[in-house]
Amino acid sequence: MSSVWNFIKRHRRKLIVVSVLAGSAVLLRRYALNKLKEWQEGETAECFERIKREQHFESTHNTCRNTIEGIIPNLQERILTLMDCEAMAKVLSERDRKSVV
């Protein structure tokens, strides 16, 4: 026991410095791991938010496309019945003939 005590007395400053350095390394490691964990959580949350926005956009885009695709046939039919293109072309061609004569 006395030899251990003598060793400690002889190398007291060295042991204190090594202890302080080891303690600082442990604290620095904990701090770095904590910051890394916070960064990873932030990146994960940002990734989920981006995916959520993309899915919302795609859903809205698909809904609009399907709605328009559903409306087009009815709208086309309605336009063709309201605007008889053949009759209009006939009227215009008759106007052309009258203005030439």
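Quick caveat: nothing in here was measured; it's all calculated off a predicted structure.

A. Just the overall build of the protein chain, in detail. A tally of helices and strands in the protein chain yields three helices and zero strands. The C-alpha atoms of the protein chain give 42 Å as radius of gyration, which overshoots the globular expectation for 101 residues (13 Å, by more than 25%). The dimensions of the protein chain, computed from C-alpha atoms along their principal axes, are 130 × 30 × 10 Å. By residue count, 0% of the 101 residues in the protein chain fall in the buried class. Accessible surface, the protein chain as shown: approximately 9,900 Å² in total, 62% of it carbon and sulfur. Between the averaged position of the 18 positive side-chain charges in the protein chain and that of its 13 negative side-chain charges there is a distance of 25 Å.

B. Region of the structure containing the pattern of salt bridges. Applying the stated rule across the entire model yields one salt bridge. For Lys35, the salt bridge goes to Glu38, with nearest N and O atoms at 3.7 Å. With Lys35 and Glu38 both in helix 2 (residues 12–82) and three residues apart, the pair spans about one turn of that helix. The exposure class of Glu38 is partly exposed, given its relative accessible area of 42%.

Each value, and the rule that gives it
Residues numbered from 1 in each chain as written. Predicted model: local features only at pLDDT ≥ 70, side-chain atom pairs only at ≥ 80, totals over all residues. Heavy atoms only, no water. Helix = DSSP H or I, 4+ residues; strand = E, 2+ residues; numbered from the N terminus. Rg over C-alpha atoms; globule rule 2.2 N^0.38 Å. Buried < 20%, exposed > 50% of the residue type's maximum accessible area, 1.4 Å probe, protein only. Areas by Shrake-Rupley, 256 points an atom, 1.4 Å probe, with all protein chains shown as cover. Lys, Arg positive; Asp, Glu negative; His and termini not counted. Charge placed at Lys NZ, Arg CZ, Asp CG, Glu CD. Salt bridge = Lys/Arg side-chain N within 4 Å of Asp/Glu carboxyl O.

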